[in-house]
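Residues per chain, in single letters:
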Amino acid sequence: MKILFLTLAYPDDGSKNLYVDLMQEFKDRGDEVYVTCQREKRYGKETELSVESGIHVLRVKTGNVTKTGFIEKGISTLLLENQFIEAIKKYYNHVQFDLVIYSTPPITFVKIVEYIKKRDGSKSYLLLKDIFPQNAVDLGMIKERSLVWHYFRKKEKKLYEISDHIGCMSQGNVDYVIEHNIEVGSYKIEVCPNSIKPVEMPQTSQSEKNNIRAKYNIPHDSVLYTYGGNLGKPQGIDFLLKFIESIKSMENIYLLIVGSGTEYEKIKDHLIESKQTNTRLEKYLPKNEFDEILMASDVGLIFLDPRFTIPNFPSRLNSYMEFGLPILAATDINTDVKDMLYEAKCGLWSRSGDLEDFKNNVINLNSNEKLRLEMGSNGRVYLEENFTVDRTYKIIVAH
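What comes next concerns the included structure. Remember, it's a predicted structure, so these values are computed and weren't measured experimentally. (Residues numbered from 1 in each chain as written. Predicted model: local features only at pLDDT ≥ 70, side-chain atom pairs only at ≥ 80, totals over all residues. Heavy atoms only, no water.)

Section: the side chain of Ser-246
Right, so step 1: Within the secondary structure layout, Ser-246 lies in helix 8 (residues 237-246).
Right, so step 2: Look at Ser-246 and you get buried, because its relative accessible area is 17%.
Right, so step 3: Apart from residues lying up to four places away in sequence, Ser-246 is in contact with Leu-355 and Lys-359. (Helix = DSSP H or I, 4+ residues; strand = E, 2+ residues; numbered from the N terminus. Buried < 20%, exposed > 50% of the residue type's maximum accessible area, 1.4 Å probe, protein only. Contact = heavy atoms within 4.5 Å.)

Brief notes about a nonpolar patch on the surface
Right, so step 1: A cluster of nonpolar side chains, Ile-71, Ile-75 and Leu-79, forms an exposed patch at the surface whose accessible area comes to about 320 Å².
Right, so step 2: The topology assignment puts Leu-79 in helix 2 (residues 70-91). (Patch = residues over 30% accessible without salt bridge, like charges linked within 9 Å, V, L, I, M, F, W, Y side chains within 5 Å. Areas by Shrake-Rupley, 256 points an atom, 1.4 Å probe, with all protein chains shown as cover. Salt bridge = Lys/Arg side-chain N within 4 Å of Asp/Glu carboxyl O.)

Section: the sheet that holds strand 13 (residues 327-331)
Right, so step 1: Strand order in this open sheet of six strands is 11-10-9-12-13-14, and the pairing throughout is parallel. For this open sheet the edge positions go to strand 11 (279-282) and strand 14 (347-351), each flanked by a neighbour on one side alone. Geometrically, the sheet is characterised by an average inter-axis angle of 20 degrees between neighbouring strands, direction not taken into account.
Right, so step 2: Here strand 9 (residues 223-230) runs beside strand 12 (residues 299-303); their pairing, made up of two bridges, is parallel. (Pairing = 2+ DSSP bridges. Axes fitted to C-alpha atoms, helices over the stretch in contact; angles between N-to-C directions.)

Observations concerning unusual backbone geometry
Right, so step 1: Of note, the amide linkage connecting Pro-105 to Pro-106 takes the cis form, showing an omega dihedral of 0 degrees.
Right, so step 2: With respect to the element layout, Pro-106 can be found in the loop between strand 5 (99-104) and helix 3 (110-120).
Right, so step 3: Cis geometry marks the peptide bond from Phe-132 to Pro-133, where omega comes out at 20 degrees.
Right, so step 4: Residue placement: Pro-133 occurs in the loop between strand 6 (123-128) and helix 4 (134-138).
Right, so step 5: For Arg-145, which is not glycine, the phi dihedral falls at a positive 75 degrees.
Right, so step 6: Mapping Arg-145 onto the fold places it in the loop between helix 4 and helix 5 (147-162).
Right, so step 7: Taking relative accessible area as the criterion, Arg-145 reaches 57% and is therefore assigned exposed.

In structure tokens, the structure reads:
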């Protein structure tokens, strides 16, 4: 088949993520893969078509749609459709696509998908990673029933309508979409989880871990808790700050936060003011370096804002499970991340805002190396059985 993949998350530094892994799986199985993604204006580069690992990648010059303020993000997102369509007409005009796959965010791929389906008669598959505008309503960024809400809700419904199939991250997501979109046929909605092609399970000796920690100036004798990913409103940063404050005087614990986003400066200012010595914030690490950190870590952290009514399922879970780390999560009550952690026996969960319960989980993991190792091993097994790209590939092409 000839596959067109539309996304906002296709790295240009040679690193991998769930979309790179999935497109590589299609390519390795003999399909021709064409990616269209954004190249934000902050990088000062023009639209460009290249071949990366045998995959055609069209990077379209757009406004800034990630790691920016809500207004700029909104305007840039609205302009994406026409920018992508014009680039596809120019660079992919000779290609007739059999299948178009696209991920949210954003939900504004509607016109692009309609254009390709009408032009080529292709099938369409939505990888639903973000339920918008409800997530913005939950966080108080958009008022429900406002003009903005009605505009984006109409876009959301149209995206579901034109999709031949919709793959959701978890059963909780499937149930939510069906319940809140009764006009969408439930037959087209299924679980299609976040997936990766995991590296071979690293067997890292204690001396190797000590060398990695020395390289990144991390104490050898501390239990290392690592958070990697977005640092924005969805992560409930106020609770993270309370957690940081609560471990200020704890011995044998070190917290490393690696990420960027709208709340980065807030965390940075807090750490400067508190002069905390067992927590460090890093804005960016190349994937190979972050993977090294995970090899030397003891626990992976997940945070979500407690106000969410939608069942988010962070893709960062895959990275922690890939490297055999137990997961410590503080989320809203609606996500089924907690159900997965209990089913897989690979981590501990607390409701975001319940600092005492979360702290108890920290103490539990801190004092029990055997528990950490067992949970980490369980997570790796669960990943290999449920969250690999070959499984996702089979789900999509089965149609």
